[in-house]
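# Chains, contacts and geometry: an overview
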Amino acid sequence: MEPVLIMGGSGQAGAGTAAVLRQWHPELPLTLAGRDLDRVRKVADGLGAATAVTIDLRRDDLGLPDGQEYSAVVAAVWDSHLNGLRYAQGRGLPYLSISNGLVDLAPEVFAVAQRASAPVLLASHSFAGLAVLAALDAARWFERIDSVRITLILDELDAGGPAAVADLDRLMAATSAGLVRRDGVFTWVDGEEARVEVATADGVVLPGQTIAIPDVPSVALATGAPDVRFDFAVGESAGRRGGGPASVEVGIDLEGTGRGGTPLGVSRRLVHPEGQRPLTALGVALGVERLVGLRGEPVAPGVHAPEALLDPALAVERMVDAGTVLTDT
């Protein structure tokens, strides 16, 4: 197999993804690409069976060496000019991206609509789709789902590297409104209506807001739930407040009916004591594994969402294996 090209391979998401893939598939060749060759080479050397290259996202050819072929292109950094996507399309390669907010997914979608030459996994969800998959795994207990609320608490010291911080600033500047599904209608909420409170694992309540994120349409359309929202808060995590490192917390609350029509409510909590990096890396690695044929059937050309390609039960199993603490009540 040709190497998987990871753009942003020395950043937190890219390097973390490479480490997970190396753990799962020791023989899978990887090419890590970044602007700082020394930094990328240091990450590649620590992995084994990996090479390092420089990359220029402003160039159609990404500034990559001629003659090298790849099995997939992973944008673990914002593909600002969509040259990574176009590079993959021109060579018929699977492509995965994680850094576009809901309001700026349109260029990617139109690029694939114009030229569906390869599978494109749009994984700009929280943790590259893991929160969605965890919600769908919990949804198996329901006959009908009426509402889903997902909450995410990010520690203020766990915003990620410089690229991740820039992404967060860019996404929050794009719109202050959040997207919800209310009574079956996708609706924008802003101002006071978008302000919420989110409780941490140890009961501290943080101010938050409803945000526009691909998790909302993914969960809503996959479950059929007429009411779906995603609430986000930044502050001191329960892990750091308890004297440990910054943790990340995801809450998933589902309401509906169980088998036989009896009322049912499930609250699922996911906490990773090491913060967001392990979960983002895991989500991307699951997507790469599927796209390059290391698990499951070949993926058809066109646009794909994480929940369309990945098994929720497997995702939850891998999350727990990676140190995530999961509780259901």
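Calculation rules
Counting starts from 1 at the beginning of each chain's written sequence and moves along it residue by residue. Residues qualify for local features only when their pLDDT is at least 70, as the model is predicted, and side-chain atom pairs are given and counted only at 80 or more; totals for whole chains, interfaces and linings, by contrast, use all residues. The side-chain values count all of the structure's non-hydrogen atoms but skip hydrogen atoms and water molecules. The secondary structure listing takes helices from DSSP runs of H or I that are at least 4 residues long and strands from runs of E that are at least 2 residues long, numbered from the N terminus. Only C-alpha atoms enter the radius of gyration, while the globule expectation follows 2.2 Å times N to the 0.38, with N the number of residues. Burial here depends on accessible area, computed with a 1.4 Å probe over protein chains only, as a share of the maximum for the residue type. Under 20% is buried, over 50% is exposed, and the range in between is partly exposed. Contact definition: two residues touch when any of their heavy atoms are within 4.5 Å. Methods summary: accessible areas were calculated by the Shrake-Rupley approach with a probe of 1.4 Å, and residue burial reflects only the protein chains presented. Note that His is not counted, nor are the chain ends; the positive residues are Lys and Arg, and the negative ones are Asp and Glu. By convention, the point assigned to a charge is CZ for Arg, NZ for Lys, CD for Glu and CG for Asp. By this definition, two strands are paired if DSSP reports at least two bridges between them. Only the stretch in contact is used when fitting a helix axis, every axis being a line fitted to C-alpha atoms; angles between N-to-C directions are given from 0 to 180 degrees. By the definition adopted for this analysis, an angle is roughly parallel if under 35 degrees, roughly antiparallel if over 145, roughly perpendicular if from 65 to 115, and oblique otherwise. In this scheme the handedness of a crossing depends on how the near helix is turned from the far one: anticlockwise by less than a right angle means left-handed, clockwise means right-handed. Classes in brief: Ala, Val, Leu, Ile, Met, Phe, Trp, Tyr, Cys and Pro nonpolar; Asp, Glu, Lys and Arg charged; the others, Gly included, polar.

This part takes up the overall build of the chain. Counting secondary structure elements, the chain contains eleven helices and 16 strands. Rg of the C-alpha trace for the chain: 19 Å, near the compact-globule value of 20 Å for 329 residues, within the 12% margin. In terms of its C-alpha atoms, the chain occupies a principal-axis envelope of roughly 60 × 45 × 35 Å. Put simply, the chain has 329 residues, and 53% of those count as buried. The contacts in the chain between residues at least 6 apart in sequence include a share of 69% that link residues at least 24 apart. As displayed, the chain has an accessible area near 14,000 Å², and 53% of this comes from carbon and sulfur atoms. Positive and negative side-chain charges of the chain, numbering 27 and 42 respectively, have mean locations separated by a distance of 2 Å.

Looking now at the pairing of strand β7 (residues 144-155). Pairing between β7 and strand β13 (residues 248-257): ten bridges, direction antiparallel. Following the sheet pairing, threonine 151 is matched in β13 by glycine 251. Direction of pairing for β7 relative to strand β12 (residues 227-235): parallel, over a ladder of nine bridges. Bridge pairing links aspartate 155 to glycine 235 in β12.

Where helix α5 (residues 130-138) meets helix α11 (residues 312-321), the axes come as close as 8 Å, and the angle between the chain directions of the two elements is 115 degrees. The pairing of α5 with α11 is recorded here as roughly perpendicular in orientation. Classified by chirality, the crossing of α11 by α5 is left-handed. Here α5 contributes Leu130, Leu133, Ala134, Leu136 and Asp137 to the contact with α11, which in turn contributes Pro312, Ala313, Ala315, Val316 and Met319. Of the residues that constitute the contact of α5 with α11, the class distribution is nine nonpolar, no polar and one charged.

The next thing to look at is the packing of α5 against helix α7 (residues 215-223). At a closest axis distance of 10 Å, the pairing of α5 and α7 adopts a crossing angle of 25 degrees. One way to sum up the angle between α5 and α7 is to call them roughly parallel. Two packed elements cross with a definite hand, and for α5 against α7 that hand is right-handed. Residues Ala131, Val132, Ala135 and Leu136 of α5 pack against Asp215, Ser218, Val219, Ala222 and Thr223 of α7. Residue classes in the contact of α5 with α7 are distributed as six nonpolar, two polar and one charged.

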